[in-house]
Amino acid sequence: MARPTEQERLAKVHSDAMTEFDRIQSAVKDERLQSLQDRRFYSIAGAQWEGPLNEQFENRPKFEVNKIALSVQRICSEYRANRISVNYVAKTGEYDSLADVCDGLFRSDEQDSVAEEAYDNAFEEAVAGGFGAWRLRAVYESEEDDEDERQRIRIEPIFDADSSVFFDLQAKRQDKADATRCFVLTSMTHDAYTAAYDDDPTSWPKTIHQYEFDWCTPDVVYVAEYYRVEDRTEVIRVFRSLDGSEEKYRSEDLDDELLAQLEAIGSFEVRQKRVKRRKVRKYILSGRQVLEDCGYLPGRQIPIVPVYGKRWYIDNIERFCGHVRMAKDAQRLANMQRSKLAEIAAYSSIEKPIFVPEQIAGHQVMWQEDNLRNYPYLLVNPISAPDGSMQAGGPVGYTKAPAIPQAMAALLQLTEQDIRDVLGNAEQGEKIVSNVSGKAVDLVQQKLDMQTFLYMSNYAKGVRRGGEIWLSMAKDIYVEPGRKMKMLGEQEQVSSIELMRPVIGEDGEIEHENDLTEAEFDVAVDVGPSSSSKRAATVRALTQMMAVTSDQQAQQVLQAAALMNMEGEGLSDIRDYFRKQLVQMGVMKPTEEEAQQLAAAGQQQDPNTVFLQAAAEEAMAKAAKARADVVKTVAESELTQAKTVETLSKVGGEGATQEGVARQVDMGMQMASPMQPGGMSERERLEMDTLAIENEIKRRQLMEQDALLERVMAERDANITVSESSNGMRDVVSGLGDSVAAMGEVVGQMREAIGTLADSNKANVERALQSINRPKRLVRERGRIVGIEPGEDK
């Protein structure tokens, strides 16, 4: 079987699309028409009288008091004051810096594409008619630069979504994540269509008009964007490099140049695998043909986001409505009654006298000008009696002012109550009544917010869907290594990142930071307070908590939180300041930029802390040196004694033992003194006692020095902790002055003690060296060594 040509394939695509759209449009036509009528009813002057009612009141007053528009405006204002934002969360629930990057890039794309216009239009259409939508589209960052192929994601509005956006009937989810087909219609004039596509609608064959939907009318020509999900099979080729690592490439990405590079570095193909990928293909259709095949789009989702006001399924048909439909009959009835009442009131309300022509003859002008000239009296002619005599007479009768029917008055009151029941009594929440507690006002506002919450909740589903589509597109678009992009923080602070930035990982290998191809996140939406009154209630609650807590740090947290929820002009800088305070205190999670700022600030210590730390380190160094000198002196003394023993052992003979030599030394020292025969001289004994006392003094000084150093270190650590915790609290810094001064005195005393110890150590060392270096003379009796005595200096 021959493979169909491209023209045959496009003809098949067009035929299938026309058949499917006709089936979709015929199923939802009535619901879409009602949605369009609802939006016209509340927004266009005179639309509340459209239909048979207009014929009934032909040539009669038709007044409108549009209360539905005010109710829709209140709901839309509530949304604009408390917008819904997207937040990307790691699937494991742990903190992921890449999620913050996605948040910042998404907010940046929203700002650059003026997404608020798309959001506001979709929300208002959903509230009024029941259905709204917007689209996401990939565009070149610079349309005028031929070499710049970088793309950005734009969020654009879709106007009249109830008349232009159609999903396949098998899509049941509210966010249409399960849809496989989507049509977006655009109307064009005949001339605009001919100029854009070089196709004359008048030349279309008549068979096109056999579809229920008329693609070409005398006024406009319809063009459709046709999105179709396809499960595309791709071949993945795996190459192994010389170090054993494997890299995967799609067959369509492997050209001759890339294959040559892989071969040059020693990579070779090890296997292939066929995988199915979900792709979205876009076509531009008219009623006659496929005008353009736009190819596959970035991402794996249809880039159309639907939102609903109220939605349900009945008879397997999707049905929806907004805030207008249920109130239309009550609004029409109120308009009819007001118009009738105005018509009645237009009649004269003054009783007019009725005369016979004979009475008014000749005085017509006076009676006509009485309202202007205010005559003091009016004249009438006498009338002839039956007997021919003349007699005076008054008016024959008087006209009566029209009376308002009692049924109309009662019905008008019921109609007003019906409108309040359907739309909500918003006026009650706007009244300021004396002697009413704030809690009661909050309860009234909460009741009104419940009517708004349904629309906000349904809209949040659409915002979540928009975040999912954006992430799917970003993983295919934002992949250029080294590309710098703008990020936008929660408080609209601007920063910059570099995509695919190479960094050294923990294992020493090169990794790529800000790699959106690895972004696998859940999308959460943050719905703000549903009314400004709830923020005010939050501020009141925080203020009350400040009055009952005595903890200073808790009061600071509550105060900052209250200011973060306050509304008013010029508070943005104040909110930024208190946010920084809350981040530093650990109450709020810092952004990546704020975390870097905190790390940089942590490296800048307080000057007093730096001085104390340097002084303590200097004291520790001096103490260590003094201790080393003492240890050295003791070691040298022991070495000298050992050498002496060794010398004596040699003199006494090779058979002399160390113990024998020691006994000989002790005997010689006892016999050395001329003043005390058989014992040590008084001078030598004093020298030995002095040396022992000096060693004990050194030991005790070292113990006192260690204790002093430990106390100084403990006070230094305590001072550093106080200094770090007092950042931003200037009142506490002044209280640290006394502590710093006391610490300075301790350091001074420590320095003095260390200096004294050093001088003492030096003197002791010199005395020990002199004692060791002093000449010695052996004392012999009968050829045997019996002692050692000081010798004479040469």
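Not measured: the values here are computed from a predicted model.

Please clarify how the packing of helix α3 (residues 67-81) against helix α5 (residues 115-128) should be interpreted in this entry.
Two measures define how a pair of helices packs: the angle their axes make with one another and the distance between the axes. Taken N-terminus to C-terminus, the directions of α3 and α5 make an angle of 145 degrees; their axes are 10 Å apart at the nearest point. By crossing handedness, the relation of α3 to α5 is classed as right-handed. Each of V72, I75, C76, Y79 and R80 in α3 lies in contact with α5, whose residues at this interface are Y119, D120, F123, E124 and V127. Along the lines of polarity and charge, the residues of the contact of α3 with α5 split into 7 nonpolar, no polar and 3 charged.

How do you make sense of the sheet that holds strand β2 (residues 131-140) when you look at a structure like this?
Within a sheet, each strand pairs with its neighbour through backbone hydrogen bonds, oriented either parallel or antiparallel. In space, the 3 strands of this open sheet follow the order β3-β2-β10, with antiparallel pairing throughout. The two strands at the open ends of the sheet, each matched to only one other strand, are β3 (151-157) and β10 (304-308). In this sheet, adjacent strand axes meet at a mean angle of 20 degrees when their direction is disregarded. Of the strand pairs in this sheet, β2 and β10 are connected by 5 bridges, and their pairing is antiparallel. What sits directly across from R135, in β10, is I304. Across the sheet, α5 touches β2, β3 and β10, and the angle it forms with β2 is around 160 degrees.

How should I be thinking about a nonpolar patch on the surface in this particular structure?
Taken together, the side chains of W312, I314, M326 and V422 present a nonpolar region at the surface, about 340 Å² in accessible area. Topologically, M326 is positioned in the loop between β12 (317-321) and α9 (328-346). Among the residues examined, M326 registers a relative accessible area of 52% and is labelled exposed.

Is there a simple way to explain the pairing of strand β6 (residues 220-240) in this structure?
When you tally the buried positions in β6, you get 15 out of 21 residues, the bulk of the element. By the bridge criterion, 9 bridges tie strand β5 (residues 181-189) to β6 in an arrangement that is antiparallel. Paired with R181 across the two strands is R228, which belongs to β6. Two elements, β6 and strand β8 (residues 268-285), share 17 bridges in a ladder whose sense is antiparallel. Opposite E234, over in β8, you have V275 as the bridge partner.

What should I look at first to understand the pattern of salt bridges in this one?
Should their charged atoms come close, side chains of opposite charge can pair. Counted by the stated rule, this structure contains 45 salt bridges. A salt bridge links D293 to R9; the nearest nitrogen and oxygen atoms lie 3.0 Å apart. In this pair, D293 sits in strand β9 (residues 290-296) while R9 sits in helix α1 (residues 6-43), placing the two residues 284 residues apart along the sequence. Since its relative accessible area comes to 26%, D293 is described here as partly exposed. In this structure, the salt-bridge partner of E246 is R240, at a minimum N-O distance of 2.9 Å. In this structure R240 comes out as partly exposed when scored by relative accessible area, which is 31%. One connected set of salt bridges, linked through shared partners, spans D109, D112, E141, D148, R150, R152, E480, R483 and K486.

Explanation requested: the side chain of D120 in the structure shown.
Its place among the elements puts D120 in helix α5. Judged by relative accessible area, D120 falls into the buried class, the value being 11%. Once residues within four sequence positions are removed from consideration, D120 is found in contact with Y79, R80 and R83.

Would you mind going over the confidence of the model for the protein chain with me for this structure?
When pLDDT drops low, the exact placement of atoms in the prediction is not to be read closely. Per-residue confidence for the protein chain gives a mean pLDDT of 77; residues scoring 70 or more make up 69%. The low-confidence segment residues 651-679, where pLDDT is below 50, has 40 contacts with residues more than four positions distant or belonging to other chains.

Hey, could you run me through the packing of α1 against α5 in this one?
Contact geometry of α1 with α5 gives a least axis separation of 8 Å together with a crossing angle of 100 degrees. Our classification of the angle between α1 and α5 gives roughly perpendicular. Taking contact as the criterion, the partners of D38, R39 and Y42 in α1 are, on α5, E124, E125 and A128. Of the residues that constitute the contact of α1 with α5, the class distribution is 2 nonpolar, no polar and 4 charged.

When you look at the nonpolar core in this model, what are you seeing that I'm missing?
One broad rule of soluble globular proteins: the nonpolar side chains tend to lie buried together. Formed by 59 residues in total, the largest nonpolar core has its most connected members in Y88, W134, W470 and Y478. Per-element tally for this core: the top contributor is helix α15 (residues 438-477), with 11 residues. If we skip the residues at most four places from it in the chain, Y478 touches L105, D109, Q151, R152, I153, W470, R483, M485, L499 and L516.

Help me understand α3 in this model?
Across its 15 residues, α3 extends 21 Å between first and last C-alpha, which sits within 8% of the 21 Å expected from 1.5 Å per residue. Those residues of α3 not exposed but buried are I68, S71, V72, R74, I75, C76, E78 and Y79. The N-terminus of α3 is capped by N66, whose side-chain oxygen sits 3.3 Å from the backbone nitrogen of I68.

Quick notes on the rules
Residues numbered from 1 in each chain as written. Predicted model: local features only at pLDDT ≥ 70, side-chain atom pairs only at ≥ 80, totals over all residues. Heavy atoms only, no water. Axes fitted to C-alpha atoms, helices over the stretch in contact; angles between N-to-C directions. Helix = DSSP H or I, 4+ residues; strand = E, 2+ residues; numbered from the N terminus. Left-handed = near helix turned anticlockwise from the far one by under 90°. Contact = heavy atoms within 4.5 Å. Nonpolar A, V, L, I, M, F, W, Y, C, P; charged D, E, K, R; others polar. Pairing = 2+ DSSP bridges. Patch = residues over 30% accessible without salt bridge, like charges linked within 9 Å, V, L, I, M, F, W, Y side chains within 5 Å. Areas by Shrake-Rupley, 256 points an atom, 1.4 Å probe, with all protein chains shown as cover. Salt bridge = Lys/Arg side-chain N within 4 Å of Asp/Glu carboxyl O. Buried < 20%, exposed > 50% of the residue type's maximum accessible area, 1.4 Å probe, protein only. pLDDT = per-residue confidence, 0-100. Parallel < 35°, antiparallel > 145°, perpendicular 65-115°, else oblique. Core = buried A, V, L, I, M, F, W, Y, C linked by side-chain atoms within 4.5 Å. Expected span 1.5 Å × (residues − 1). Polar contact = N/O pair within 3.5 Å; in protein donor to acceptor, adjacent residues only side chain to side chain.

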